[in-house]
Amino acid sequence: MADRHTLEELNNCSREELITIVLMMQGQLDTLNENIERLIEQVRIANSYRFGKHTETLDSIDGQLSFFDEAESCCDLSVPEPAAEEVLPSRRNHKKKGQRETDLKDFPEEILPPYQVSTEELDAFYGAGNWRRMKDETYKRLRHEPESWTVEIHTVEVYVGTGGDHQDEFLRGKRPKDLLRGSIVTPSLLASILNVKYVNSSALHRVEQEFQRNGVNISRQTMSNWIIRCAEKYFAPFVDRMKQELLSLPVTQSDETPTQVIGDSDRPNSKCYMWVHRSGEFYKERPVVIYEYQKGRDHEKPLEFYRNYKGVLVTDSLEQYHLLDKKLPGVTNANCWAHARRAFADAVKAADKKNPLSVKNSVAYQALQKIAEFYRIDTELKELPATDRLTQRQTRIKPLVEDFFAWAKQQAAECAVPPKSRTGQGLNFVIHQENYLKVFLTDGDIPIDNSASERAIRTFCIGKKNWMFHNTAKGARASALVYSISETAKLNNLRPYYYFRYILTELPKYCDEKGNIDPEKLDQLMPWAEELPECIFRKNCASVPEERSAIPLQTEQSSASLLVAIIYSTIPARKFKTICLGCHSA
């Protein structure tokens, strides 16, 4: 803080000393004003994050600006007036007929007894013989039975030798391998638990409570043990095979999100990270998502994952990814334009909305408009083949990108905005990330942003708000394996519950004598395999395979739809006894 002068000291100062004092005060005042403006901007951004819309689209921001002066902000004299046909209300379109039949066509049907009218009622109403039967009216209703349990009683034939070379030796009927030796868990039961926890983002204690309400006593500790043991035994080699597929692709994407793991934290509230690696957004044939738990997010973590990879890695601006570009000769890092525009979107949201015209003339708004033009053109090119998309990008988008960076450098050189403001930070960011942001112009298979990775990790982010933290690193790694399979299944248009049930039924058959599974032999079980049963795919079949017909259907969207099949069926000759475990009555 500058020295304070008394009136007598100022009176004794020379002209040059007074000028120096005034200039110093002006500099201090400018610094204070800049700090105040930055603090106000930070408060507005914080309020926007807390109370406002989280969308960053330019249309949404324009909508907020128009609240204050629609006549000025919406005026465009170059736009012609609409034709009368556009102004006058058109005839209301009727609902498409047959849509209900289409929606219900794949579900099993049950014809109920008709609602009859007796002959006595007809004669009393019409008179004897004064009536005839018309065509019956039919209508459909969709019934849902959320919970049912089936106890499968298995019979294994046992024989003993009474003579010959094998006297007193026992021979039993051949039975398939259990999912977990000595456990009552079955593929259908574990698939239900995985579907509720990892697909529908519910905590295991809620599953436990739902079981208890229906008379089934399975603790969340038992369910956790099942998940971790099956993840280590079956899902680990399965995801290894998926990882091989991912690293064979020319374009991949990656992102990470913090999570808390109590047993793997050095101090309270320390952050661990769940990483997600997925195939490029334009790769539709065999999309893959791999989750990976790591204690930190230093560059060694992605470096180990991509050590033998050769291709383009699309990420945000994290410096750890840039180190991969420098240390791995086969890896090229491409940056995300959605992250590049975020600082400008924050600046516009934090701007004073009382003067919309001033906001629209701001550097941040102009930056958003220029970037929006990249997106508009690139969206039009999404359905084109990669070669055509690259040609169009070079022709239409590249000149706009070059113009944008020239403009950004000019704004920064002219100090058009304070360097520490959100707009100034955005300008510095795009200038320093220029080479990485231009990579998408070199290959038609590289997406313009990393939004696909953020969508892939969203399910985990929703889930961690419900269960808050992992207890151990082993549990976090098991969750990563399960999320890898469920998210990949969804991208391949599979129904996660049925897919989990299928692979949990088949994977024990691939175990060798030591209980190990060779990842190279799992191609027929991969989410993109042509050999998968039809009922696993979405929009194809609502019924389960015939060999599991004794087990009722499960609705995936409801956490109440938990299927408990106690004791897995092992031989063709089976006896079934259906009971209600809630009241223990047959």
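Small disclaimer: the values here were computed from a predicted structure and weren't measured.

> Before we go on, may I ask you to explain the overall build of the protein chain in this structure?
For the protein chain, the count of helices and strands is 22 helices and 10 strands. Carbon and sulfur atoms form 52% of the exposed surface of the protein chain, whose accessible area is close to 34900 Å².

> Before we go on, may I ask you to explain the pattern of salt bridges in this structure?
Opposite charge on two side chains permits them to pair, given that their charged atoms come into close proximity. Considering all chains together, one arrives at 24 salt bridges under this definition. With a shortest N-O distance of 2.9 Å, Arg133 and Asp136 are connected by a salt bridge. According to the relative accessible area criterion, Asp136 is partly exposed, its value standing at 47%. In this structure, the salt-bridge partner of Asp523 is Arg241, at a minimum N-O distance of 2.6 Å. One end of the pair, Asp523, is in the loop between α22 (496-506) and β9 (564-566); the other, Arg241, is in helix α10 (residues 220-247), and 282 residues separate them in sequence.

> Please clarify how the side chain of Glu292 should be interpreted in this entry.
Here Glu292 is to be found in strand β6 (residues 289-294). As a buried residue without a salt bridge, Glu292 has its nearest oppositely charged side chain in Lys243, at a separation of 5.5 Å. Looking at Glu292, its side chain comes within polar contact range of the side chain of His277, at 3.1 Å. Apart from the residues within four sequence positions on either side, Glu292 is in contact with Tyr273, Met274, Trp275, His277, Phe305 and Ala480.

> Would you take a moment to explain the environment of Leu324 for this structure?
Among the secondary structure elements, Leu324 is positioned in helix α12 (residues 319-327). Judged by relative accessible area, which is 0%, Leu324 ranks as buried. Between the C-alpha atom of Leu324 and that of Arg307, which follows or precedes it by 17 residues, the distance is 8.7 Å. Apart from residues no more than four positions distant in its own chain, Leu324 is found in contact with His299, Pro302, Leu303, Tyr306, Leu313 and Val331.

> Can you walk me through the packing of helix α14 (residues 342-350) against helix α18 (residues 422-432) in this structure?
Angle between the axes and distance between the axes are the two parameters that describe a pair of packed helices. Running from N to C, α14 and α18 cross one another at 165°; their axes reach a closest spacing of 8 Å. Classed by the angle they form, the pair α14 and α18 counts as roughly antiparallel. The way α14 lies across α18 gives a crossing that is left-handed. On the side of α14, the interface is formed by Ala343, Phe344, Asp346 and Ala347, while α18 contributes Arg422, Thr423, Gly426, Leu427 and Val430. Split into classes, the residues belonging to the contact of α14 with α18 amount to five nonpolar, two polar and two charged.

> What's the story with the sheet that holds β6 in this structure? I'm lost.
Hydrogen bonding along the main chain pairs the strands of a sheet, whether they run parallel or antiparallel. Taken in spatial order, the five strands of this open sheet run β6-β5-β4-β7-β8, and their pairing is mixed. In this open sheet, the two edge strands, each paired with only one partner strand, are β6 and β8 (331-334). Pairs of neighbouring strands in the sheet enclose a mean axial angle of 25°, with direction left out of account. Where helix α21 (residues 473-491) meets the sheet, its contacts fall on β5 (272-279) and β6, and the angle it forms with β6 comes to roughly 165°.

> Mind showing me how you'd approach the packing of aromatic side chains here?
Here the distance between the centres and the angle between the planes together describe a pair of aromatic rings. The tally for this structure, following the rule as stated, stands at 18 aromatic pairs. Ring centres of Phe404 and Phe405 lie 5.5 Å apart, and the angle between their planes is 75°; on these two criteria the pair is classed as edge-to-face. Comparing Phe404 with Phe405, the two get one shared label, buried. A connected cluster of aromatic rings, assembled from ring pairs, spans Tyr198, Tyr291, Phe460, Trp467 and Tyr483. Above the plane of the ring of Tyr198 lies Lys197, whose end atom (NZ or CZ) is 5.3 Å from the centre.

> Explain a nonpolar patch on the surface here, please?
A cluster of nonpolar side chains, contributed by Leu29, Leu32, Ile36 and Ile40, occupies part of the molecular surface with about 370 Å² of accessible area. Tracing the backbone through its elements, the reader meets Leu29 in helix α2 (residues 15-51).

> Sorry if this is basic, but what is going on with unusual backbone geometry here?
Peptide bonds are trans in most cases, and residues, glycine excluded, mostly fall at negative phi. Although it is not a glycine, Asp168 sits at a positive phi angle of roughly 65°. In this structure, Asp168 sits in the loop between β2 (158-160) and β3 (170-172). Residue Asn493 is not a glycine yet carries a positive backbone phi of 65°. By the element assignment, Asn493 lies in the loop between α21 and α22.

> Even after reading the chapter, I still don't get the confidence of the model for the protein chain, so can you show me in this structure?
Residues shown with low pLDDT carry predicted positions that ought not to be read at fine detail. Per-residue pLDDT for the protein chain averages 82, and the proportion of residues at 70 or more is 84%. Per-residue pLDDT, averaged within each element of the protein chain, yields its smallest value for strand β10 (residues 575-578) (34) and its largest for strand β7 (residues 311-314) (95). Predicted confidence is poor over residues 540-586, with pLDDT under 50, and the contacts of this stretch with residues over four places away or in other chains come to 127 contacts.

> What is the right way to read the pairing of β5 from this model?
For a regular strand, side chains alternate in direction, first toward one face of the sheet and then toward the other. Of all the eight residues making up β5, eight are buried; the element is thus mostly covered by neighbouring parts of the structure. Bridging between β5 and β6 involves six bridges; their strand directions are antiparallel. For Tyr273, the partnering residue across the bridge sits in β6 and is Gln294.

Cut-offs and rules
- Residues numbered from 1 in each chain as written.
- Predicted model: local features only at pLDDT ≥ 70, side-chain atom pairs only at ≥ 80, totals over all residues.
- Heavy atoms only, no water.
- Helix = DSSP H or I, 4+ residues; strand = E, 2+ residues; numbered from the N terminus.
- Areas by Shrake-Rupley, 256 points an atom, 1.4 Å probe, with all protein chains shown as cover.
- Salt bridge = Lys/Arg side-chain N within 4 Å of Asp/Glu carboxyl O.
- Buried < 20%, exposed > 50% of the residue type's maximum accessible area, 1.4 Å probe, protein only.
- Lys, Arg positive; Asp, Glu negative; His and termini not counted.
- Polar contact = N/O pair within 3.5 Å; in protein donor to acceptor, adjacent residues only side chain to side chain.
- Contact = heavy atoms within 4.5 Å.
- Axes fitted to C-alpha atoms, helices over the stretch in contact; angles between N-to-C directions.
- Parallel < 35°, antiparallel > 145°, perpendicular 65-115°, else oblique.
- Left-handed = near helix turned anticlockwise from the far one by under 90°.
- Nonpolar A, V, L, I, M, F, W, Y, C, P; charged D, E, K, R; others polar.
- Pairing = 2+ DSSP bridges.
- Phe/Tyr/Trp six-rings, centres within 6.5 Å; stacked < 30°, edge-to-face > 60°.
- Lys NZ or Arg CZ within 6 Å of the ring centre and 35° of its normal.
- Patch = residues over 30% accessible without salt bridge, like charges linked within 9 Å, V, L, I, M, F, W, Y side chains within 5 Å.
- pLDDT = per-residue confidence, 0-100.

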